[in-house]
Amino acid sequence: MPVYNLKVNGQSLSVEADEDTPLLWVLRDHFDLVGTKFGCGIGQCGACTVHADGVATRSCLLKVSVATEMKITTIEGLSKDISHPVQQAWKEIDVPQCGYCQAGQIMTAAAFLEQNPNPNREEIRDAMSGNICRCASYNRIEKAVEQAAS
Ligand code: FES
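Fair warning: this is a prediction, and the values are worked out from it, not measured in the lab.

**Considering unusual backbone geometry**
Logical step 1: A positive phi angle is found at Asp32, which is not glycine, with a value near 60°.
Logical step 2: Inspection of the secondary structure assignment puts Asp32 in the loop between helix H1 (23-30) and strand E3 (49-52).
Logical step 3: With 8 C-beta atoms packed within 10 Å, Asp32 lands in the exposed category.
Logical step 4: In this structure, Asp94 is a non-glycine residue whose phi angle is positive, near 60°.
Logical step 5: With respect to the helices and strands, the residue Asp94 is situated in the loop between helix H3 (85-93) and helix H4 (102-115).

**What to know about the sheet that holds strand E5 (residues 71-73)**
Logical step 1: The strand order across the open sheet built from 5 strands is E2-E1-E5-E3-E4, with neighbouring strands paired in mixed fashion. With partners counted over all chains shown, the strands left at the sheet margins are strand E2 (11-16) and strand E4 (55-58), one partner each. Strand-to-strand twist across the sheet, computed as the mean angle between neighbouring axes with direction ignored, equals 45°.
Logical step 2: Bridge count between E3 and E5: 2 bridges; the pairing is antiparallel. Each residue of the ladder has a partner; that of Ala52, found in E5, is Ile72.

**Side note on the environment of Ala127**
Logical step 1: Looking at the secondary structure, you find Ala127 in helix H5 (residues 121-128).
Logical step 2: For the pair Ala127 and Met70, spaced 57 residues apart in the sequence, the C-alpha separation amounts to 22 Å.
Logical step 3: If we skip the residues at most four places from it in the chain, Ala127 touches Thr108, Phe112 and Pro119.

**A few points about the domain arrangement of the chain**
Logical step 1: Each domain of the chain was delimited in the assignment, giving domain 1 (3-76) and domain 2 (85-149).
Logical step 2: Look at where the C-alpha atoms of domain 1 and domain 2 centre, and you get two points 21 Å apart.
Logical step 3: Secondary-structure elements contributing two or more residues to the side of domain 1 that touches domain 2 are E3 and E4.
Logical step 4: A total of 3 residues in the side of domain 1 that touches domain 2 trace back to one element, the largest contributor, which is E3.
Logical step 5: Here the side of domain 1 that touches domain 2 is composed, by residue class, of 7 nonpolar, 6 polar and 1 charged.

**Remarks on the pairing of strand E1 (residues 3-8)**
Logical step 1: Covered by surrounding structure in E1 are Tyr4, Leu6 and Val8 only, the residues Val3, Asn5 and Lys7 on the alternate face being uncovered.
Logical step 2: Relative to E2, E1 is paired through 6 bridges, and the arrangement is antiparallel. Of the residues in E2, the one forming a bridge with Val3 is Glu16.
Logical step 3: In this antiparallel pair of consecutive strands, E1 and E2, the connection spans 2 residues, and Asn9 shows a positive phi of 50°.
Logical step 4: Bridge count for E1 against E5 is 2 bridges, and the pairing is parallel. Following the sheet pairing, Val8 is matched in E5 by Ile72.

Rules and cut-offs
Residues numbered from 1 in each chain as written. Predicted model: local features only at pLDDT ≥ 70, side-chain atom pairs only at ≥ 80, totals over all residues. Helix = DSSP H or I, 4+ residues; strand = E, 2+ residues; numbered from the N terminus. Buried ≥ 20, exposed ≤ 12 C-beta atoms within 10 Å, placed from the backbone. Pairing = 2+ DSSP bridges. Axes fitted to C-alpha atoms, helices over the stretch in contact; angles between N-to-C directions. Contact = placed C-beta atoms within 7 Å. Domains from an automatic or database assignment. Nonpolar A, V, L, I, M, F, W, Y, C, P; charged D, E, K, R; others polar.

Here you go:
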């Protein structure tokens, strides 16, 4: 199997894998970065969202062979000590219920606010609409994104 060199959370890491292996499984199974979650595996739920060159990206659909050319950030690398404004707002508003989707939600929100630092509620709803929450904590998610932006 080929070896791929990746840049993840500012570190250079190598993995031996099939070229089609989804980045999600490389992160979780090889690099022990288990904050990134598996939900559907087909790009529908957003649980596996990471940043690839700053863009919110579904790691279940990104092949390791493509990811080698990108700067990858996972929830573990978003900030030191959970100090990113989105993480702070998440804590203050107490967003999670079961918590499973939250890393993906936070990564989507963080990338979105980089692009649009002053969104209105509709823009937030639209940006977050691809991230599914089975506990339906959408109202708190939107509030937290709004708070992180202010
Ligand atoms: Fe990747 Fe659902 S696990 S979008």
